[in-house]
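What follows is each chain in one-letter form.
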Amino acid sequence: MFDYDVAFSRNIGWVTEQEQAELRNKRVAIAGCGGVGSLHALTLARLGIGKVNLSDFDEYEVHNFNRQAGAFLSTVGQNKMDVMSTMLHDINPEMSLREFGDGVNEENVDAFLEDVDLYVDSLDFFALKARKLVFQKCYDKNIPVVTAAPLGMGCAILCFMPGKMTFEEYFRFNDKQTEEGQLIQFLIGLSPAMLQRNYLVDDTAVSFKERRGPSTPMAVNLCAGMAQTYALKILLNRGKVECAPYGLHFDAYRNKLTRTHCPRGNRGLIQRLKFTIAKRIVSDD
């Protein structure tokens, strides 16, 4: 029954037939099959991306139901990557999938990024060690990176392109000696506009110490839409994308779109002030 050209024929018009054929031959890596990762994978599949690398070692739990595309009563206890692989092949049985069931680590990161045209970051916010490893490898291999953060009821998106500002130059992790300090660097770098902050109605839902925070299904869906729009533009060379030190933050709740700019990354004066404020809040949680 499956016919690639028919399955993705409704993309034609926004992409040409030749561009659709190009997407069929592109390989995209996604580390993490949770909230944003599951929606990234499904959106890429429906875009007609023909080759995907997936990684995840986690299993579904009931608290995943509010945002993760593969989370159902029928999948509780099942491996997230296995479920997403089944869903992807249900969309495109011809998709070339490479699976990394141990997550991404120093032993397999080169294999995970082999022949990859684009990396879409979907790791858990607190997976700092793995994220730094993958981003550095992408820089070394000239692989573009897109990371979209689900914040409140919006999305903040950053892109790191070969030859432009690096992940470390933007976030300045090495400026902080503790993991907590580096996580705060990550937070304020992801969300310099902080559009979501004024409608958080229960501060107790956020705890750095317990490594938890609230989420919404609207945010992860917005992340998938924005990140895969960037993916299309990068993979097809369809024009300019905002890359670090620039970013975009769209908040649907506040009806607001902000173009962010941190020319010195987190080493800039305003970002350093934000770090001081955020550290005070985190230390009090």
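Higher on the page you've got the structure.
Because the structure is predicted, anything quoted here is derived from the model rather than measured. (Residues numbered from 1 in each chain as written. Predicted model: local features only at pLDDT ≥ 70, side-chain atom pairs only at ≥ 80, totals over all residues. Heavy atoms only, no water.)

Undergrad: Looking at this structure, how should I read helix 4 (residues 80-91)?
TA: Given 3.6 residues per turn, any residue in an α-helix points the same way as the ones three and four places further on. Counted at 1.5 Å a residue, the expected span for helix 4 with its 12 residues is 16 Å, and the 17 Å between its end C-alpha atoms agrees. When helix 4 is considered as a whole, its buried residues turn out to be Lys80, Met81, Val83, Met84, Ser85, Leu88 and Ile91. Looking at the buried residues of helix 4, the elements they touch are helix 3 (35-47), strand 2 (51-55) and strand 3 (96-100). Between a side-chain oxygen at the N-terminus of helix 4 and the backbone nitrogen of Met81 the separation is 2.9 Å; the capping residue is Asn79. (Helix = DSSP H or I, 4+ residues; strand = E, 2+ residues; numbered from the N terminus. Expected span 1.5 Å × (residues − 1). Buried < 20%, exposed > 50% of the residue type's maximum accessible area, 1.4 Å probe, protein only. Contact = heavy atoms within 4.5 Å. Polar contact = N/O pair within 3.5 Å; in protein donor to acceptor, adjacent residues only side chain to side chain.)

Undergrad: Before we go on, may I ask you to explain the sheet that holds strand 4 (residues 118-121) in this structure?
TA: The strands making up a sheet are joined through hydrogen bonds of the backbone, oriented either antiparallel or parallel. A sheet is described by the order of its strands in space; here 8 strands give the open sequence 3-2-1-4-5-6-7-8, paired in mixed fashion. Each edge of the sheet is formed by a strand with only one pairing partner; in this case those strands are strand 3 and strand 8 (256-261). When strand polarity is set aside, the average angle formed by the axes of neighbouring strands in this sheet is 15°. Here 7 bridges tie strand 5 (residues 145-151) to strand 6 (residues 154-160), and the two strands are oriented antiparallel to one another. By the bridge assignment, Val146 is partnered in strand 6 with Cys159. (Pairing = 2+ DSSP bridges. Axes fitted to C-alpha atoms, helices over the stretch in contact; angles between N-to-C directions.)

Undergrad: Explain unusual backbone geometry to me, please; I cannot follow it from the model alone.
TA: The phi torsion of most residues other than glycine is negative, and most of the peptide bonds are trans. A cis amide bond links Ala244 to the next residue, Pro245, at an omega of 20°. Along the polypeptide, Pro245 turns up in the loop between helix 9 (217-236) and strand 7 (246-251).

Undergrad: Just checking my understanding: could you explain the packing of helix 3 against helix 9 for this structure?
TA: At a closest axis distance of 9 Å, the pairing of helix 3 and helix 9 adopts a crossing angle of 45°. The orientation of helix 3 relative to helix 9 falls into the category oblique. In the packing of helix 3 onto helix 9, the handedness of the crossing is right-handed. Together, Gly35, Val36, Leu39, His40, Thr43, Leu44 and Leu47 of helix 3 and Val220, Asn221, Cys223, Ala224, Ala227, Gln228, Ala231 and Leu232 of helix 9 make up the contact between the two elements. Broken down by class, the residue content of the contact of helix 3 with helix 9 amounts to 10 nonpolar, 5 polar and no charged. (Parallel < 35°, antiparallel > 145°, perpendicular 65-115°, else oblique. Left-handed = near helix turned anticlockwise from the far one by under 90°. Nonpolar A, V, L, I, M, F, W, Y, C, P; charged D, E, K, R; others polar.)

Undergrad: Just checking my understanding: could you explain the side chain of Arg27 for this structure?
TA: Tracing the backbone shows Arg27 in strand 1 (residues 27-31). Buried charge without a salt bridge: Arg27, with Asp115 as the nearest opposite-charge side chain at an N-O distance of 5.6 Å. Within polar-contact distance, the side chain of Arg27 engages the side chain of Asn53 at 2.7 Å. Apart from the residues within four sequence positions on either side, Arg27 is in contact with Lys51, Val52, Asn53, Ser96, Arg98, Glu114, Asp115, Val116, Asp117 and Leu118. (Lys, Arg positive; Asp, Glu negative; His and termini not counted. Salt bridge = Lys/Arg side-chain N within 4 Å of Asp/Glu carboxyl O.)

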